[in-house]
Structure formats: structure tokens, C-alpha cells
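Inside the fold
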Amino acid sequence: MNNTYQNILNKSNFKPPKDWLQIKTIDMHTGGEPLRIIVDGFPELKGNSVLDYRRYCKENYDYLRTTLMFEPRGHADMYGCILLPPNDDDGDFGIIFLHNEGYSTMCGHAIIAISTLAIEMQWIAPKEGDNVIKIDAPCGRITSFAHVKNGKVTGVRFHCVPSFVVGLDRSVHVEGLGQVTYDLAYGGAFYAYVDMAKNDFNFNLKPESYQTLIAQGMAIKQAVMIADKDILHPFKDDLSFLYGTIFIDNTKQPSDNDSRNVCVFAEGEVDRCPTGSGVSGRMAIHKLRNEIDFGETISIESITDSVFKGSIISEEDYGPFKAVIPQVEGTAHITGMHTFVIDPSDPMKNGFILR
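Predicted model, so just to flag it, every value in this text is computed and none were measured.

The rules we used
Residues numbered from 1 in each chain as written. Predicted model: local features only at pLDDT ≥ 70, side-chain atom pairs only at ≥ 80, totals over all residues. Heavy atoms only, no water. Pairing = 2+ DSSP bridges. Helix = DSSP H or I, 4+ residues; strand = E, 2+ residues; numbered from the N terminus. Buried < 20%, exposed > 50% of the residue type's maximum accessible area, 1.4 Å probe, protein only. Contact = heavy atoms within 4.5 Å. Phe/Tyr/Trp six-rings, centres within 6.5 Å; stacked < 30°, edge-to-face > 60°. Lys NZ or Arg CZ within 6 Å of the ring centre and 35° of its normal. Polar contact = N/O pair within 3.5 Å; in protein donor to acceptor, adjacent residues only side chain to side chain. Core = buried A, V, L, I, M, F, W, Y, C linked by side-chain atoms within 4.5 Å. Expected span 1.5 Å × (residues − 1). Salt bridge = Lys/Arg side-chain N within 4 Å of Asp/Glu carboxyl O.

A word on the pairing of strand S1 (residues 21-30)
The side chains of a regular strand alternate between the sheet's two faces. Two strands pair when backbone bridges link them, and S1 and strand S17 (residues 332-342) are joined in this way by ten bridges, in the antiparallel orientation. Bridge pairing links Ile26 to Met337 in S17. By the bridge criterion, seven bridges tie S1 to strand S2 (residues 33-40) in an arrangement that is antiparallel. Bridge assignment links His29 to a residue of S2, and that residue is Pro34. Connecting S1 to the antiparallel partner S2 that follows it, the hairpin turn spans two residues, and Gly31 within it adopts a positive phi of roughly 60°.

Put into C-alpha cells, the structure is as follows:
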């Protein structure tokens, strides 16, 4: 055996210089949608609430968001989160969400993934059956239930924040598409829901239409942001923005599912899963249209054919809205552990995106 190859076998650990930042993550996916969970090395965030931490991160460490989400460490559709103290002693932990555009208010796939990881890492003492986890997101308190059977997480369901409909069958002119009919609803984030059956589009919700979905989803989002003045959260200004466009259609046959969701959010990201906050908003829409009732479940598939189940737990008044508390169910899996190093002399240390 030659000396070089022997050195390879014996010297496989790289020790970064002291002036290099090291950030450790655990990566997961929920229905194909990635989640990079930052567990060590990120600078301390200051504040007294999750919204404070998010604001401080945006103002002081946004370059680390791009470093970890953008290429060469990530990609245009990467998603991540930072774990933080809860807003009060009744919570288990707080969380803020990162993506290619900035910081979202709610993320269902991240809740499912982080709840799974909390059991796998024994951050909470696991037990057989449902394990209740209270998570403070920017949109409010999320309660998740990680189900354990024979010591293994078999799935997670969560109760989202009050979700409500702002308006049904609204219309906006979109360049290249003409008049587009949409519903405006909130499920921890605001979405324009576009039913393919109510619009005459020349594309579908399959992977073959991926680039078209990005272009048209962003065009609809921009048009709605300009035309619709009702994207207002009743209590928190920080939540008053349109997060994305959700296209809705029939399932890819043959299928036992009820419908298909494809969400285009942030700066043209396409959700690989059915979108937990998007499903939450849909539950409010379906309840208002009398298309779902308590005790009923809707199965919604994504562009990757992964499935979330949605249902309704309760109703309540929420400011001027009649809101529902939705339940969303799904599964998540660990894909890897990383120690990212940041060389201060690297001209691309803060990342870039090519699509």
C-alpha cells in the first residue's frame, strides 16, 4: 500500500483553524422537503420572544442564513431552522425558520421534523404513545404530538394556530394568465389558494411543470400582493405578508388521496411536501364551504406524492374572523449530520444561488 493512500486512511479528520466558524446541523426531510436544523455554533440571538430572536437574527446574522441555505452548502429550495428558548416556561422550545428569501412565520413540515428529532435525540423523555411538545413559532404556540410505537416515532400530528379565511373566489389580473380566481386564507402564514378547476391554465401540478409552476406561482403572488389590501393579521403586523401561492388540483391517478397541493413560496421555492401551514389554511377554507366537518379527514398529496392528512379540531373567534384549529399529520426522517466550516478568506463564504 502506497504512503499517500495510507495517509488517507489514517488522516480523515480535518481540524479547521481557530478563526473559522463551525456550525453543526442535523438534516431531515418531511415528505421530501428539506430541513437543516442548526444545533450548535450559531451566534447567540438576543431577545425575550421568538419574534425578538427572529428580528435580531435578521438584523445581525442574515449572512449566516444565506451561508447555510444558499449554494454551495445548500440550494435554491433549502429550508432551515434555529432552536431557541420558548416564550414562557410552559413551552418546550422556540423555533425560527430560514429559507432563500428570509424568515417565515410558520412551517408545518419543520414542526413535524423537529418533533420527530426531539424524540430521536431524547430532548424530551420519550414514552410509548403520544408525546406532547409545545413549540413557540413566530406565529404563536404550536402543540405537536409525536407518536411512538416500540420506541420509534411513527408519525407526528400538530395543532396549528387559529386559521381563517380572508376571502373566497377573489380575482386578480396576472400578466400572461389573465384573470385568476383565488382564495385568500391564513394557516400560520397567508397564501393565495388557486384552484386549477376554476382557472384555465396550460400547465399541471406534476414535476414536468416545475419551472412553469415557479414562474406562474411568483407572478400570481406578486399580483395579489399589489392588488389585495386585506393581507393583514388581526394582532401582529410582523405576520401581515403574503408568503406564497398554493395550486390545488385533483390527485395524480390512481390515488386514494383527495387532492394535490403545490406551494410556491418565498423567492420561488417549491415545497416538496403538501405544506403544513398551507393545509391548515385549506382546512379553514373547506370548513367555510361546508366541505369538511369535525371527525373528517382530507388526504392531500404533494408534487413528490408525499401525503399530509388534515382535519379540524375546533372553532373559535379570532379577531374579526371565525377561525378553526387545524390538525396536520405527516412523517419525517433524518438524512445526515453536518459540521459546516466558514473560511473567512473564502470569497463565496456567504453563499449564492443559481437556479
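There is more to say, and it comes next.
Here's the deal with the side chain of Arg65
Summarising the element assignment, Arg65 is placed in helix H3 (residues 62-69). On the basis of relative accessible area, Arg65 is assigned to the buried category, the value being 6%. If we skip the residues at most four places from it in the chain, Arg65 touches Phe70, Leu98, His99, Asn100, Glu101, Gly102 and Tyr103.

Quick notes on the packing of aromatic side chains
On inspection of all chains with the given rule, the structure shows 18 aromatic pairs. A centroid spacing of 6.3 Å and a plane angle of 55° characterise the contact between Tyr61 and Tyr63, whose relative ring orientation is tilted. Relative accessible area serves as the criterion here: at 40%, Tyr63 is assigned to the partly exposed category. Through a chain of ring-to-ring contacts, the aromatic side chains of Tyr79, Phe97, Tyr191, Tyr193, Tyr243 and Phe265 assemble into a single cluster. A cation over a ring is seen here: Arg157 above Phe145, with NZ or CZ 4.5 Å from the ring centre.

Notes on the side chain of Thr66
One can find Thr66 in helix H3. Within the structure, Thr66 has its side chain in polar contact with the backbone oxygen of Tyr63 (distance 2.9 Å). Here Asn350 takes part through its backbone oxygen, which lies 2.7 Å from a polar atom of the side chain of Thr66. Residue contacts for Thr66: discarding those within four places in its chain leaves Asn350 and Gly351.

What to know about the environment of His75
Mapped onto the secondary structure, His75 falls in the loop between H3 and strand S3 (80-84). His75 gets classed as partly exposed once you look at its relative accessible area, which sits at 34%. Along the chain, His75 and Arg355 lie 280 residues apart, while their C-alpha atoms are 8.4 Å from each other. Not counting the four nearest positions on each side in its chain, His75 is found in contact with Pro34, Met69 and Phe70.

Quick notes on the nonpolar core
Counting 89 residues, the largest nonpolar core has Phe97, Ile142 and Phe247 as the members making the most contacts within it. Of all the elements, helix H4 (residues 108-120) adds the most residues to this core, at eight residues.

Concerning the environment of Phe235
Along the chain, the position of Phe235 falls in the loop between helix H5 (210-227) and strand S11 (242-249). Distance in space between the C-alpha atoms of Phe235 and Gly319 is 7.7 Å, their sequence separation being 84 residues. If we ignore the near neighbours within four places in the chain, the residues touching Phe235 are Tyr318 and Gly319.

Topic: H4
Helix length check: H4, at 13 residues, gives a terminal C-alpha distance of 19 Å against a target of 18 Å (1.5 Å per residue), a fit within 8%. In terms of residue burial, H4 counts as a mostly covered element, since twelve of its 13 residues are buried. Every buried residue belonging to H4 is among Gly108, His109, Ala110, Ile111, Ile112, Ala113, Ile114, Ser115, Thr116, Leu117, Ala118 and Ile119, and all of these are buried. Gln122 sits one or two residues past H4 and shows a positive phi near 60°.

Considering unusual backbone geometry
Following Glu71, the chain continues into Pro72 via a peptide bond in cis, with omega recorded as 5°. For Pro72, the location among the structural elements is in the loop between H3 and S3. Phi is positive for Asn150, which is not a glycine, with a value near 55°. The exposure class of Asn150 is exposed, given its relative accessible area of 69%. Positive phi outside glycine occurs at Asn290, with the angle close to 60°. Along the chain, Asn290 falls in the loop between helix H6 (276-288) and strand S14 (298-301). When its relative accessible area of 67% is taken as the criterion, Asn290 is described as exposed.

As for the pattern of salt bridges
What the rule picks out here adds up to 21 salt bridges. Across the pair Arg55 and Asp238 runs a salt bridge, and its minimum N-O distance is 2.7 Å. Taken together, the residues span a long stretch of sequence, with Arg55 in helix H2 (residues 50-60) and Asp238 in the loop between H5 and S11 at a distance of 183 residues. Under the relative-accessibility criterion, Arg55 is labelled partly exposed at 36%. Close ionic contact of Asp169 with Lys198 constitutes a salt bridge, the shortest N to O distance being 2.8 Å. Within this pair, whereas Asp169 is found in strand S8 (residues 164-174), its partner Lys198 is found in the loop between strand S10 (190-195) and H5, the two being separated by 29 residues in sequence. On the accessibility criterion, Asp169 (43% relative accessible area) is partly exposed.

Honestly, that's just the spatial picture; any functional story needs more than this.
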